[in-house]
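Architecture at a glance
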Amino acid sequence: MSKWKTYSKWIVMALGVVATFLFFQLHYPYHLLHREQVSLFLYSQEFILDKLMQPGGVSILGGEFLTQFFYFIGGGATVVTLLLLGVGILCYQALRRFMGHWMALILSVAVCLWEGGRLCIVNYPLASTLSLMGLFIIIRLISFKGSNRLGKNLTALVCILLFIPFHPLRGVKAWGTPNSYLEHLLAMDVNASYGKWEKVSQLAQEDAKTGIGTFYYNLSNAMKGQLPDGLMNYYQPFSKGLFLPVDPSGNYLSFMASNELWFHLGDMTMAEHSAILGMISTQDHRSVRMIKRMAEINLINGDEEAAMKYLRMLQKTWKHKQWADQRIPGQQSPAVQKWLEHKRQYIPKADTLRASADARLSLRHLLESNPDNLLAYHYLLCYELLNKDIHSFAKDYVPQKGIPSRLYHEAILIHLIRQNGNLTEEDFQTYRFTPEVLQDFQEYTRMYEQNQGNGAALQSRFGKTYWFYYHYATMKK
């Protein structure tokens, strides 16, 4: 029987370790990767002493130290698995002082599941898990067999005093469960930060047609040079699918997503605005991802003094020190210098005053400084098309710029017919319409008139054309 007790503990432990690692590695990895991106551990005397001086400073310092390992593939799942393993072992050893083997084992598994659920919360601190482990150590020590009452009381007092610096006195949720929807959003966000646009596109197409899913679908297509080509193939909540709010109505996820877009478009003012809001919206206001972005923005703008403030901070980290060293002014690698020269070509050459929500003015301002900014050009045209502003689209559209897109051909046909009633020879030479587009336009017009504007008759064949969107797309309340 004693052997079975021993074996049962090892079997439960092994199954728990495997199940925990596989869950966090295969089904919940982006929560952990994101937590590393919004935290920062500095190897400096000031940082460490500041943490130790806080209530529960030892646990806080230990938790933030371990969060660094979430950066690596499998690192987060390994750390979380080992912590839960420690919780289970310590809980079993503490409870075994008061009850039988099976009851202690069942309760230990229950505690691990409870703590595992809390670790599924995106901002749940590892310090709380370390604190829980410390609590079980105390329970085990104060229940030490053979001690008299006075000895037990003294032991309890000493243990409680020792426990205080390990306990983070901060509010944490009592219960948590896996959030698959948030995991999906974080997957798009994290992969976008790594520049893995094919993965972002795949994840966006699996999304349940939400605004942020549309945003990442459009951004990933734009970064692949395919924004107009895929625009009508996905749910578009008008131009809200192109830009997320950079105002108090947003949250740190929308701010980080907006930062990626504006940074790639070349508007460093809006990118910096988004980065700062993203920084202050995170739990501890110390996002290493936003600190790196602020360093990049200031390097591109030529403000080396401001950039050094962030680079010196990153030099005190473990994983990001090399990244910072390669960007120190005067010591930059050839690859970094080439990248900076490229990014500086997109900086507006003149200042302007505008509201942060005026995306069209920002895009036009970028194009005035650099007409070759194709990302801004396509975003401007698609912004106008999604708002059904055909007149502005016709003014901004340059037929000779890049490979003609069918979407733009479909839209310009609406403008020409509305303006002239028919197509001229000059129109054919200017816009280089393909025979297929012209034939489809004639058939769409014929069916539209024949069915007296009934969209149901047109949807199966023309549902993904701009003509159908222009006639039938409406914004739901």
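Refer to the structure printed above.
Residues numbered from 1 in each chain as written. Predicted model: local features only at pLDDT ≥ 70, side-chain atom pairs only at ≥ 80, totals over all residues. Heavy atoms only, no water.

**Section: the overall build of the protein**
Helix and strand counts for the protein come out as 26 helices and 0 strands. Considering the protein as a whole, with its 477 residues, one finds that 50% of them fall into the buried category. Across the protein, every contact between residues at least 6 apart in sequence was considered, and the portion connecting residues at least 24 apart equals 64%. When the accessible surface of the protein is split by element, carbon and sulfur atoms take 59% of a total near 24,100 Å². (Helix = DSSP H or I, 4+ residues; strand = E, 2+ residues; numbered from the N terminus. Buried < 20%, exposed > 50% of the residue type's maximum accessible area, 1.4 Å probe, protein only. Contact = heavy atoms within 4.5 Å. Areas by Shrake-Rupley, 256 points an atom, 1.4 Å probe, with all protein chains shown as cover.)

**Here's the deal with the packing of helix α15 (residues 288-301) against helix α16 (residues 304-314)**
Interaxial distance between α15 and α16 falls to 8 Å at its minimum, and their mutual angle equals 145°. The handedness of the crossing between α15 and α16 comes out as left-handed. Contacts between α15 and α16 pair V288, I291, K292, M294, A295, N298 and L299 from the former with A306, A307, Y310, L311, M313 and L314 from the latter. (Axes fitted to C-alpha atoms, helices over the stretch in contact; angles between N-to-C directions. Left-handed = near helix turned anticlockwise from the far one by under 90°.)

**Brief notes about the layout of surface pockets**
Within this model, the largest pocket holds a volume of roughly 780 Å³. Together, 29 residues line the largest pocket, and V12, M13, G88, V109 and C112 are the ones closest to its centre. Elements supplying a minimum of two residues to the lining of the largest pocket: α1 (2-27), α5 (75-95) and α6 (101-119). Top contributing element to the lining of the largest pocket by residue count: α1, with 12 residues. In the lining of the largest pocket, the residues fall into 16 nonpolar, 10 polar and 3 charged. (1 Å grid on protein atoms, 1.4 Å probe; cavity = no way out; pocket = protein on both sides within 12 Å on 5 of 7 lines; lining within 4 Å. Points joined across faces, edges and corners; volume = space filled by probe spheres on them. Nonpolar A, V, L, I, M, F, W, Y, C, P; charged D, E, K, R; others polar.)

**Observations regarding the pattern of salt bridges**
Going through the model one piece at a time under the given rule, you end up with 18 salt bridges. Ionic pairing is found between E115 and R118, a salt bridge with its closest N-O pair at 3.1 Å. With a gap of 3 residues between them, E115 and R118 both fall in helix α6, about one helical turn apart. Of the residues examined, E115 reaches a relative accessible area of 0% and is grouped as buried. Across the pair D440 and R406 runs a salt bridge whose closest N-O atoms are separated by 2.8 Å. On the criterion of sequence distance, the pair formed by D440 in helix α24 (residues 435-450) and R406 in helix α22 (residues 406-420) is long-range, its members being 34 residues apart. A relative accessible area of 29% means that R406 is categorised as partly exposed. (Salt bridge = Lys/Arg side-chain N within 4 Å of Asp/Glu carboxyl O.)

**Notes on the packing of aromatic side chains**
Each aromatic ring pair is specified by the distance between its two centres and by the angle formed by the two planes. Under the counting rule described, the total for this entry stands at 32 aromatic pairs. Note on Y431 and F433: the rings are 5.8 Å apart at their centroids and 35° apart in plane angle, and the pair reads as tilted. As far as the burial class goes, Y431 and F433 line up, both buried. The rings of F41, Y43, F47, F65, F69, Y71, F72 and W318 are connected pair by pair, giving a single aromatic cluster. Over the ring of F263 we find R293, and its NZ or CZ is 3.9 Å from the ring centre. Over the ring of Y377 we find K401, and its NZ or CZ is 4.4 Å from the ring centre. (Phe/Tyr/Trp six-rings, centres within 6.5 Å; stacked < 30°, edge-to-face > 60°. Lys NZ or Arg CZ within 6 Å of the ring centre and 35° of its normal.)

**Comments concerning unusual backbone geometry**
The phi angle at K388 is positive, at roughly 60°, despite the residue not being glycine. One can find K388 in the loop between α20 (374-386) and α21 (390-396).

**Overview of empty space enclosed by the protein**
Rolled over the atoms, a probe sized like a water molecule indicates the empty space that remains. Scanning all chains against the criterion turns up 1 cavity of 30 Å³ or more. Volume-wise, the largest cavity comes out at about 130 Å³. Forming the boundary of the largest cavity are E36, S39, L40, F41, E64, Q68, R286, V288, T317, W318, K319 and H320.

**Focus on a nonpolar patch on the surface**
On the surface, V18, F21, L22 and L26 cluster together into a nonpolar patch covering about 350 Å² of accessible area. Locating V18 in the fold gives a position in helix α1. (Patch = residues over 30% accessible without salt bridge, like charges linked within 9 Å, V, L, I, M, F, W, Y side chains within 5 Å.)

**Considering the environment of N233**
Within the element layout of this structure, N233 appears in the loop between α12 (227-230) and α13 (252-265). Here the alpha-carbon distance between N233 and K464, two residues 231 residues apart in the chain, equals 5.9 Å. With residues up to four places along the chain from it excluded, the contact list for N233 reads Y217 and K464.

**Considerations on the nonpolar core**
Of all hydrophobic cores here, the largest spans 106 residues; its most connected members are Y216, F243, L265, Y379 and Y466. The dominant element in this core, judged by the number of residues it contributes, is α20, at 10 residues. The residues contacting L265, other than those within four sequence positions of it, are F243, Y346, L363, L366, N373, L375, A376 and Y379. In this structure, A104, C112, L119 and C120 belong to the second largest nonpolar core, which totals 27 residues. (Core = buried A, V, L, I, M, F, W, Y, C linked by side-chain atoms within 4.5 Å.)

**Thoughts on α13**
Taking 1.5 Å of rise per residue, the 14 residues of α13 would be expected to cover 20 Å, and the 20 Å separating its terminal C-alpha atoms lies within 8% of that figure. Along α13, 12 of the 14 residues are buried, which leaves the element largely enclosed by surrounding structure. Every buried residue of α13 is listed here: L253, S254, F255, M256, A257, S258, N259, E260, L261, W262, F263 and L265. Residue G266 follows α13 closely and has a positive phi angle near 110°. (Expected span 1.5 Å × (residues − 1).)

**Let's talk about helix α11 (residues 211-223)**
Over its 13 residues, α11 runs 18 Å from end to end, which matches the ideal 18 Å to within 8%, given 1.5 Å per residue. The buried fraction of α11 amounts to 11 of the 13 residues, a majority that puts the element mostly inside the structure. In the core, the buried residues of α11 are packed alongside α9 (180-193), α10 (197-205), α12, α13 and α20. Within two residues after α11, G225 carries a phi angle of roughly 75°, on the positive side.

**Considerations on the environment of W467**
Relative to the elements of secondary structure, W467 occurs in helix α26 (residues 466-472). Between the alpha carbons of W467 and T445 there is a distance of 9.3 Å; along the sequence they are 22 residues apart. With residues near it in sequence (within four places) discarded, W467 still touches R406, E410, L413, I414, V437, D440, F441, Y444 and F462.

By themselves these figures say nothing about function.
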